[in-house]
Amino acid sequence: MPNPIESISSIDLGIATKVSAVLDDGAMFYVAITAYNHDGESAFSNIEVIAINNEFSGGGTTVFVESSSAFGNPAPNLGPEGLAQHLIGDSEFEQSFITAPALINGGLGPAFNNNSCIACHPKDGRGRPPEKGGTSNSFFLRISIPGIDPKTGSPLAMPGFGTQLFDRAVFGVQPEAIVKTTYTEINGKFGDNAPYQLRKPIFTIADPYIDLPDEYLISPRVAPPVFGRGLLEAISDETLLGWADEYDLNNDGISGRVNQVWDIVSETTVIGRFGLKANSPSVLVQTAGAYHSDMGITNELFPTESTAGQPQNDGSSDDPELRRGVLNDVAFYIQTLAVPARRNINDPIVKKGQMLFDQAGCTSCHIPTVTTGVLDSIPEVSGQIIHPYTDLLLHDMGEGLADDRPDFLANGQEWKTPPLWGIGYTKVVNGHTFFLHDGRARDLMEAILWHGGEAESAKEYFRMLSSADREALIKFLESL
C-alpha cells in the first residue's frame, strides 16, 4: 500500500552484527533496530531510510541535470530515430505563430491566449500567475455555463465565448475580454504560534466584447510543467482503477476517483489523466486542444476555428492551419521529455522530511512509485519504475481551493493530484515558486496550507509540526 502503517517484517539478528538482503529496484523502506535481553526490549534506534535507485525519478528517462535546462532534455534512452523526432518536435514547440495569411506559421487567433507552446510553458516548466492589477501570458480562464454537453459530457460552452476566455487578439480584432486580478490576505498560525499568511486570488472578467450571460462559471489555470508526460500516459488504466477508492471503502478518508472524459480520437468516453482536473485523455488530444484553444490554430483533431460563430472569426478557408505532422511531432516531444533526477537523497534532513511526508499521509494521494505499462510506439517510457508522486486521480480538496466549475465527472471541489517530481527545480528553471492550479501559493509551505477536504488531516499534521520538522518536509519536497 502507498502509506504502510505497520511493519512489513522483522528480523531477529541474535548476536550477529550484520545482515544483508536483496531489494527490488525502486523499493523504499524505513529500517530501525531494537536491542533486547531477558529484561525486555529497548526503544527503536534512529530510523534509516533505504531507497533503491530512488534518485531515478523517471526510470530510464532520468537525466542528472541541475541547471535551468533541467526540464527540457530528451529522454536518454531514446534511439537515433526517436531522438531525431524529439528534436523536430522541440523545434516546433518553440515556434511562434502569426496572423494569416503567412507562408510559415500563419493562422494565429484571431482571438487567443498566446502565440507559442513555449510561451505558456517556459523552458518546458511552470507558468506564472498574474500579479495584482497585472496580466500573465501563461494564465487563462476556463469558462462555461451550468450544464453538460449531452454528447460528450463536457462543460457547456458560454455563448459567444466558448469554453476558454481569449484575452488577446490579432491586430484589428477585439479580444473577448480581459481578466482583472486582486488578492486578499488570510492570516493563520502554526501549532507553535508562528504566524503565516496565505493569499486568495479574485478573478474578474472585464470589458467583454458582448454582454456576459447572467450565470457563468470560471476556473483559473496556470500552465504546468510538461516533462514526464509520456510516462504518466503509460501508467495503465488498471493501475489507476486499482488506486481509486471512490466510496472510501477502506475508511482512510481518501476517496480518489478517475475522471471519465470524451476522447475526440476514438469518439468514446475514456479515463482522463491530463489537465488540472484530468479532463484530457492523452498527450495528443491535450496538445491539439492547446493549439486550438490557446493559440487559435486549427489542426486535424480540431479543424474548426475556436471563434467560429463569433464576429472575431476571419472567415478564411485555410483550415486546418497546422502543418500535417507537426501535431504528432510535438506530442512525441512532450511524451519523451526526460525527468530530472532527485537530489540530496542522503541528506539527513531530507530523509527526516521524507518520513514526515509519509507520516502525514501525503503518500496516500502523492503515490511515490509505480511501474508504467505499455505506451504504443514509445518503448522508452514503457515498463519503467518511476517516482512521480501522483495517483492522477480526482480528490476533493475542500472549499478553499474550489472553483465551483464541474469538468466531466470532476465537481467544483475536485482536482487531480499533480505529480511532484521536479518540483524542487522550479526556482532554478522558471525563476519563481508559485504553485497550485492558479499560482496563489507563493512557496511550497503555502501550497501545503491550502490543502483541505480529503487532505485536511495531512495539512493539519503539517501545521502542527515544529518549525524544524516543517522545514525538513519542505527540504524533502525540494529534493524531488
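Moving on, we come to the overall build of the protein. Counting its regular elements, the protein contains eleven helices and 19 strands. On C-alpha atoms alone, the protein measures out to a radius of gyration of 24 Å, which is about the 23 Å that the 2.2 N^0.38 rule sets for 480 residues. Over its C-alpha atoms, taken along the principal directions, the protein stretches across nearly 90 × 55 × 40 Å. By the burial criterion, 51% of the 480 residues in the protein qualify as buried. Intrachain contacts of the protein at a sequence separation of at least 6 include 66% that bridge at least 24 residues. Of note, the protein has its 32 positive side-chain charges centred 7 Å away from the centre of its 61 negative side-chain charges.

Taking 1.5 Å of rise per residue, the 13 residues of helix α11 (residues 467–479) would be expected to cover 18 Å, and the 19 Å separating its terminal C-alpha atoms lies within 8% of that figure. Turning to α11, its buried residues number three or more, namely D469, R470, A472, L473, I474, F476, L477 and S479. Buried residues in α11 make contact with α7 (348–359), α9 (444–449) and α10 (456–463).

Okay, the sheet that holds strand β12 (residues 217–222) next. Strand order in this open sheet of three strands is β8-β7-β12, and the pairing throughout is antiparallel. Among the strands making up the open sheet, the edge pair consists of β8 (155–156) and β12. Pairing analysis gives six bridges linking strand β7 (residues 139–148) to β12, with the strands arranged antiparallel. When the sheet's bridge partners are listed, F140 is paired in β12 with R221.

So, about a nonpolar patch on the surface. Residues I11, L13 and V19 make up a contiguous nonpolar surface patch of about 280 Å² in total accessible area. As for its placement among the helices and strands, L13 is situated in the segment before β1 (28–31). For L13, a relative accessible area of 32% translates into the label partly exposed.

Once that is clear, we can look at the environment of L141. One can find L141 in strand β7. For L141, a relative accessible area of 1% puts it in the buried group. For the pair L141 and P406, spaced 265 residues apart in sequence, the C-alpha separation works out to 14 Å. Apart from the residues within four sequence positions on either side, L141 is in contact with T163, Q164, L165, V179, F203, I205, I218, S219 and P220.

Inspection of the entire model under this criterion finds zero disulfides. C365 supplies the cysteine sulfur nearest to C362, a cysteine that is in no disulfide, at a spacing of 8.7 Å. Take C362: its relative accessible area is 19%, and that puts it in the buried class. Assessed through its relative accessible area of 13%, C365 is described here as buried.

So, how was this worked out
Residues numbered from 1 in each chain as written. Predicted model: local features only at pLDDT ≥ 70, side-chain atom pairs only at ≥ 80, totals over all residues. Heavy atoms only, no water. Helix = DSSP H or I, 4+ residues; strand = E, 2+ residues; numbered from the N terminus. Rg over C-alpha atoms; globule rule 2.2 N^0.38 Å. Buried < 20%, exposed > 50% of the residue type's maximum accessible area, 1.4 Å probe, protein only. Contact = heavy atoms within 4.5 Å. Lys, Arg positive; Asp, Glu negative; His and termini not counted. Charge placed at Lys NZ, Arg CZ, Asp CG, Glu CD. Expected span 1.5 Å × (residues − 1). Pairing = 2+ DSSP bridges. Patch = residues over 30% accessible without salt bridge, like charges linked within 9 Å, V, L, I, M, F, W, Y side chains within 5 Å. Areas by Shrake-Rupley, 256 points an atom, 1.4 Å probe, with all protein chains shown as cover. Salt bridge = Lys/Arg side-chain N within 4 Å of Asp/Glu carboxyl O. Disulfide = S-S within 2.5 Å.

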